[in-house]
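Structure assessment
Chain by chain, the residues run as shown.
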Amino acid sequence: MDRVLVAQIGAAHGLRGEVRLRSFTAAPMAVKDYGTLESEDGTQRFKIESLRPAKDVLIARLAGVADRNAAERLRNLRLYVARDRLPPPEEDEFYHADLIGLAAVAPDGRDIGTVAALHNFGAGDLLEVKLADGATVMLPFSKAIVPDIDFAAGRIVVDLPDSAEAGDADEREGAKDLSPRPGAARRPSRSGGG
């Protein structure tokens, strides 16, 4: 993947064109260090002129966004950076974008499905796996559940809990949430989806 999701614009903040910004970088304020960011389709480019922390978000002033109306038009816009401008992940860290699309296999090699997404709703990273029957499961992204990641082979090993394999398709309609219990081990990951 040649681009990585690093931020998403939220609501306008104030009257002078500032926006709320949700950063997906390991250090949230580092999003400013990557230079010009671009929209998913590549048609819009933004340079962060100033950035400051606020409760649960960052407040950003973007070059060329001078009033509240312009800021409101950017709401929910996802911002990307070229992959080659990001530092390489450290050992046992991963860019979310690198995991999406990998085959998910059981420890015995049996096909389980495909990694569809990686989410974090505040309690740790959750791996969304689309199963062969079309259903999805949400699994904690921990070493216990994902003991091996092999980028060269294009796969991850997933040790499914018994509850994820049990039951018929009716019980698995939609996404099954097998999120970690408080205090469960988290597998470190570098943010950035795509």
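Residues numbered from 1 in each chain as written. Predicted model: local features only at pLDDT ≥ 70, side-chain atom pairs only at ≥ 80, totals over all residues. Heavy atoms only, no water.

**Examining the overall build of the chain**
When helices and strands are tallied, the chain shows three helices and 14 strands. Across the 194 residues in the chain, those meeting the buried criterion constitute 44%. Across the chain, the fraction of contacts at a sequence separation of at least 24, relative to all contacts at a separation of at least 6, is 56%. Only carbon and sulfur atoms are counted for the fraction: they give 48% of the accessible area of the chain, which is about 10500 Å². (Helix = DSSP H or I, 4+ residues; strand = E, 2+ residues; numbered from the N terminus. Buried < 20%, exposed > 50% of the residue type's maximum accessible area, 1.4 Å probe, protein only. Contact = heavy atoms within 4.5 Å. Areas by Shrake-Rupley, 256 points an atom, 1.4 Å probe, with all protein chains shown as cover.)

**Some thoughts on the nonpolar core**
Within the largest apolar cluster, 25 residues are counted, with the highest numbers of intra-cluster contacts made by Ile9, Leu21, Val31, Leu37, Ile48, Leu62 and Leu79. Elements with a minimum of two residues in this core: strand S1 (3-13), strand S2 (18-23), strand S5 (48-54), strand S6 (57-62), helix H1 (68-72) and strand S7 (78-82). Excluding residues that lie within four positions of it along the chain, Leu37 makes contacts with Val6, Val31, Gln44, Arg45, Phe46, Ile48, Leu79, Tyr80 and Val81. Residues Phe94, Leu127, Val146 and Ile156 belong to the second largest nonpolar core, which totals 21 residues. (Core = buried A, V, L, I, M, F, W, Y, C linked by side-chain atoms within 4.5 Å.)

**A look at the environment of Arg75**
With respect to the element layout, Arg75 can be found in the loop between H1 and S7. With 63 residues separating them in the primary sequence, Arg75 and Ala12 have C-alpha atoms 7.3 Å apart. Setting aside anything within four residues of it in sequence, one finds Arg75 in contact with Ile9, Gly10 and Ala11.

**Regarding the side chain of Thr25**
As for its placement among the helices and strands, Thr25 is situated in the loop between S2 and strand S3 (37-39). For Thr25, a relative accessible area of 11% puts it in the buried group. Only 2.8 Å separates the side chain of Thr25 from the backbone oxygen of Ala27, close enough to count as a polar contact. (Polar contact = N/O pair within 3.5 Å; in protein donor to acceptor, adjacent residues only side chain to side chain.)

**Topic: the sheet that holds S6**
Taken together, seven strands build an open sheet; the order of strands is S4-S3-S7-S1-S2-S6-S5 and the sheet is antiparallel. Edge positions in the sheet fall to strand S4 (45-46) and S5, since each of these pairs with one other strand and no more. As paired strands, S5 and S6 are joined by six bridges and run antiparallel to one another. Counterpart to Arg52 in the pairing with S6 is Ile59. (Pairing = 2+ DSSP bridges.)

**Concerning unusual backbone geometry**
For residues other than glycine, phi is negative in most cases, and the peptide bonds are mostly trans. In the Ramachandran plot, Asp56 falls in the positive-phi region, its phi being about 65° despite a non-glycine side chain. As for its position among the elements, Asp56 is in the loop between S5 and S6. You can call Asp56 exposed: its relative accessible area is 73%. One non-glycine residue, Asn76, lies in positive phi territory at about 70°. Its location among the elements puts Asn76 in the loop between H1 and S7.

**As for the confidence of the model for the chain**
This prediction gives the chain a mean pLDDT of 80; 81% of its residues lie at or above 70. Considering each helix and strand of the chain separately, the mean pLDDT is smallest for strand S14 (residues 175-177), with a value of 34, and largest for H1, with 96. The model gives residues 163-194 a pLDDT under 50, and that stretch makes 83 contacts with residues more than four places away or in other chains. (pLDDT = per-residue confidence, 0-100.)

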